[in-house]
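Residue-level structure breakdown
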Amino acid sequence: MSTTKNYAGIPDKFAQLETAKVVLIPVPYDGTSTWGKGADKGPQAFLEASENMELYDIETDSEVYGQGIYLAEAITENSSPEAVVNAVHKQTKDYIKRNKFVTLFGGEHSISIGTIRAFNECFDNLTVLQIDAHADLRESYEGTKYNHACAVHEASQTTNLIQVGIRSMDAIEKSFMDEEKTFFAHDMVHDEYWMDKVIEAMTDNVLITFDLDAFDPSIMPSTGTPEPGGLFWYETLEFLKQVFEEKNVVGFDIVELCPNPTDKSSDFLAAKLYYKMLSYKFISEAADDEYDNTYDVDYKTGTNGLKFDDDED
Ligand SMILES: [Mn+2]
């Protein structure tokens, strides 16, 4: 993966670490997945799709790349699942401490153990919003607690974990599950108030860990363990927009893109999802005067707070 290339081909002036509000860390790791392999190819496919995506977002009438998006060097550690988690934890925390809005693109879901640990150490009363087909609550699996099947076990013990879209789990995971904060796909489909209920269960600081297999396989086939009965595009966006509007989303990761060389639609969905989440994040920041702005970059902004009128030099 080239590190000289900018995210989505944005101009250099929006891609510098010093001035960018957003940092994107690619984590091309796939060491513990049990069935469909290939999540290590996810970041590259996501970046390629991002380069072919329009950077104007119609819904928010914004070009969020103007906030600055720095593409960090990919985390290529793969000596053990634990070493990967430690590397993710360290890099994520380093960038949070530099007052960046930190985002990561996996890789398999075990990387989120590091993501969550870093955010939990930096933000008070953290809610982890896990959007996923699988509960991922096992204490350990196949000899390690850093398996993708254990992605949120630690979060279940140390954060306000909320699980959304769940439709696959082992009975043993029930002992770690808070049913009040678990939203099963088979219930959500009959409950028009599920979004409000999820948000009511949140504290103010929210980290989102988004496993792409939460989506219905009809729109997101390129994932290691597809499960029928998932989320669709517009309901997901409606929900995310509401979360970003009502809560202080402090960062997010997106995991488990397993690209298929002959069908790139999933890569594009992932690219668009990432950009939508950034668009929602920075619209809500611009709209909320009370927002505690941890992104203290002095950016020149145009009329809607997101556009840039200054020229290239
Ligand atoms: Mn997962």
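Residues numbered from 1 in each chain as written. Predicted model: local features only at pLDDT ≥ 70, side-chain atom pairs only at ≥ 80, totals over all residues. Heavy atoms only, no water.

**Some remarks on the pairing of strand S4 (residues 127–131)**
Residues in a regular strand project their side chains so that they alternate between the two faces of the sheet. Counted only if it meets this: Partly exposed residues are those whose accessible area sits between 20% and 50% of the maximum for their type, while under 20% is buried and over 50% is exposed, using a 1.4 Å probe and protein chains only. Only DSSP runs of H or I covering at least 4 residues are called helices, and only runs of E covering at least 2 are called strands; the numbering of each starts at the N terminus. Here, any two strands with at least 2 DSSP bridges between them count as paired. Crossover handedness is defined by viewing with both strands directed away from the observer: a clockwise path from the first strand over the helix to the second marks the crossover as right-handed.
Extensive coverage of S4 is indicated by the burial of five of its five residues. Burial along S4 is two-sided: the residues Thr127, Leu129 and Ile131 and Val128 and Gln130 are all buried. In terms of strand pairing, S4 meets strand S5 (residues 160–166) through five bridges, oriented parallel. The partner of valine 128 across the bridge, within S5, is leucine 161. In this fold, S4 hands off to helix H4 (residues 153–158), which returns the chain to S5; that crossover is right-handed. Examined bridge by bridge, S4 and strand S7 (residues 205–211) share five bridges and lie parallel to one another. Residue pairing in the sheet places leucine 129 in a bridge with isoleucine 208 of S7.

**Considerations on the pattern of salt bridges**
The test is simple: For this document, the term salt bridge refers to a Lys or Arg side-chain nitrogen within 4 Å of an Asp or Glu carboxyl oxygen.
Tallied over the entire structure, the rule returns 11 salt bridges. Where lysine 90 meets aspartate 94, a salt bridge forms, and the shortest distance between an N and an O atom there is 2.9 Å. Highlighted residues: lysine 90 and aspartate 94, both in helix H2 (residues 81–97), separated by four residues, approximately one helical turn. The salt bridge partner of arginine 138 is aspartate 170, with a shortest N-O separation of 3.7 Å. Within this pair, whereas arginine 138 is found in the loop between S4 and H4, its partner aspartate 170 is found in the loop between S5 and strand S6 (182–184), the two being separated by 32 residues in sequence. The network of salt bridges with shared partners includes Asp57, Glu59, Lys241 and Lys276.

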